[in-house]
Amino acid sequence: MATLIADTACVDPRAELADDVEIGPYCVLGPDVRVGRGTRLIAHVCMLGVTTVGEMNVFSPFTVIGGDPQDVSYKGSSTRVEIGDHNIIRESVTINRATEKEDGVTRLGSHNFLMAGAHVAHDCKLGDRITIANGSMLGGHVHVESHASISGGVAVHHYSTIGAYSFVGGQSRIVHDVPRFMLVDGNPSKIRCINVVGLKRNGVSSEGIDALHEAHRLIYRAKMSAKHATEILESHGHLVPEVRSLLDFIQAQQEGKHGRARERWRKS
């Protein structure tokens, strides 16, 4: 199918649009924007800077992709935003391009759902099949692993990591890493239990869920060290892949600073 561009859209002639792209009324695309096959920009969407968008995405009105990072150290370099396939980006979402403090890329994977008013700051890295609800904000350099869910009104401190298959409750204040498979909620946020609903929905076995329950009990209820908990879990046959992944995450977190694994690589 042919690419469709509304009469009122402003698309720089140097922008690259694949087949079957739909650019709705009053959209603005800069010269370094590339949009993949079947992607739809409904209306009033701005894509700026060096922005690469994959296939079959939907961008709702008033989203801004690739705007300057909100970082006073940024001096106008051509950092970029990379977005995968089959994402749904709802109204007024902002995804800022990166600074030069890491690899120069803000990245969003595939099959993600970002609801109205969500903000993804510079240098964030998001995996696949993530849900971020209305009005939630990711600070700079935040990593969100695949299959995580973030409820509405959540504020995530820069350099934090939201682990895979985790769930963050609404209006939580996240200043530490959220461990994989856990449900975190509150202000200050606390680890409440494992994310049973999310694990079942994503096909984690009953054996894996039972083992994670026991790991949570030992580490977060009984307050055992990870080393001691590992010994007990191993003796009871609970060192399934999910538990090993959780323990790896905790080890990295403990090797970081301020409860955030990635703080050890932070540049001043």
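Along every chain, residues carry numbers that run from 1 in the direction the sequence is written. Local features are withheld for residues below a pLDDT of 70 in this predicted model, meaning they are given only at 70 or higher, and side-chain atom pairs are given and counted only at 80 or more; totals for whole chains, interfaces and linings count all residues. Excluding hydrogens and water, the side-chain values take into account all heavy atoms of the structure.

Engineer: What's the story with the overall build of the protein in this structure? I'm lost.
Structural biologist: Helix and strand assignments follow DSSP, with helices taken as H or I runs no shorter than four residues and strands as E runs no shorter than two, numbered in order from the N terminus. Secondary structure assignment for the protein yields four helices and 28 strands. On C-alpha atoms alone, the protein measures out to a radius of gyration of 20 Å, which is about the 18 Å that the 2.2 N^0.38 rule sets for 268 residues. With respect to the three principal axes, the spread of C-alpha positions in the protein is 65 × 40 × 25 Å. Looking at the protein as a whole, 48% of its 268 residues are labelled buried. Contact criterion: two residues are considered in contact whenever any of their non-hydrogen atoms come within 4.5 Å of each other. The long-range fraction of contacts in the protein, counting pairs at least 24 apart against all pairs at least 6 apart in sequence, stands at 31%. Here the Shrake-Rupley method, with its probe set to 1.4 Å, supplies the accessible areas, and only the displayed protein chains count as covering residues. Roughly 12,600 Å² of accessible area belongs to the protein as shown, and the carbon and sulfur atoms make up 51% of that amount. When we talk radius of gyration, it's over C-alpha atoms, and the globule rule is simply 2.2 Å times the number of residues to the 0.38. Partly exposed residues are those whose accessible area sits between 20% and 50% of the maximum for their type, while under 20% is buried and over 50% is exposed, using a 1.4 Å probe and protein chains only.

Engineer: Got a minute to help me understand helix H4 (residues 241–255) in this structure?
Structural biologist: Two residues of an α-helix separated by three or four positions point the same way, owing to the 3.6 residues in each turn. The end-to-end C-alpha distance of H4, which contains 15 residues, comes to 21 Å, matching closely the 21 Å that a straight helix rising 1.5 Å per residue would cover. Turning to H4, its buried residues are Glu242, Val243, Leu246, Leu247, Phe249, Ile250 and Gln253. Within H4, the buried residues cover an arc of 160° as seen down the axis, which keeps them to one side. Structurally, H4 contributes buried residues whose contacts are with strand E24 (161–162), strand E27 (182–186), helix H2 (206–221) and helix H3 (226–235). By this rule the span expected of a helix is its residue count minus one, scaled by 1.5 Å. Directions from the helix axis toward the C-beta atoms define the arc.

Engineer: Would you mind going over the nonpolar core with me for this structure?
Structural biologist: Nonpolar side chains in soluble globular proteins tend to be buried together. Side-chain atoms within 4.5 Å are what join buried Ala, Val, Leu, Ile, Met, Phe, Trp, Tyr and Cys residues into a set we call a nonpolar core. Residues Met47, Phe59, Ile95, Leu126, Leu138, Val144 and Ile162 are the most contacted members of the largest nonpolar core, which totals 39 residues. When residues of this core are traced back to their parent elements, those giving at least two are strand E6 (33–35) and strand E12 (80–83). If near-sequence neighbours (up to four positions away) are discounted, Ile95 is found in contact with Val64, Ile65, Gly66, Gly67, Val81, Ile83, Thr106, Leu108, Leu114 and Val120.

Engineer: What exactly am I supposed to notice about the pairing of strand E28 (residues 189–194) here?
Structural biologist: Regular strands place side chains that alternate from one sheet face to the opposite one. Here five bridges tie E27 to E28, and the two strands are oriented antiparallel to one another. Residue pairing in the sheet places Asp185 in a bridge with Lys190 of E28. Between any two strands, pairing holds if DSSP finds at least two bridges. Connecting E27 to the antiparallel partner E28 that follows it, the hairpin turn spans two residues.

Engineer: Would you mind showing me how to read the pattern of salt bridges here?
Structural biologist: Side-chain pairing between opposite charges can occur once the charged atoms of the two side chains come close. Salt bridge, as applied in this entry: a Lys or Arg side-chain nitrogen positioned within 4 Å of an Asp or Glu carboxyl oxygen. Following the criterion strictly, the structure yields 16 salt bridges and no others. For Glu22, the salt bridge goes to Arg40, with nearest N and O atoms at 3.6 Å. In this pair, Glu22 is assigned in strand E4 (residues 22–23) and Arg40 in strand E7 (residues 40–41), connecting sequence segments 18 residues apart. Here Arg40 falls in the partly exposed class, since its relative accessible area comes to 34%. Glu82 is the partner of Arg80 in a salt bridge, and the nearest nitrogen-oxygen pair spans 3.0 Å. Among the ionic contacts, a cluster of salt bridges with common partners joins Arg80, Glu82 and Arg107.

Bear in mind that shape data such as this cannot, by itself, settle questions of function.
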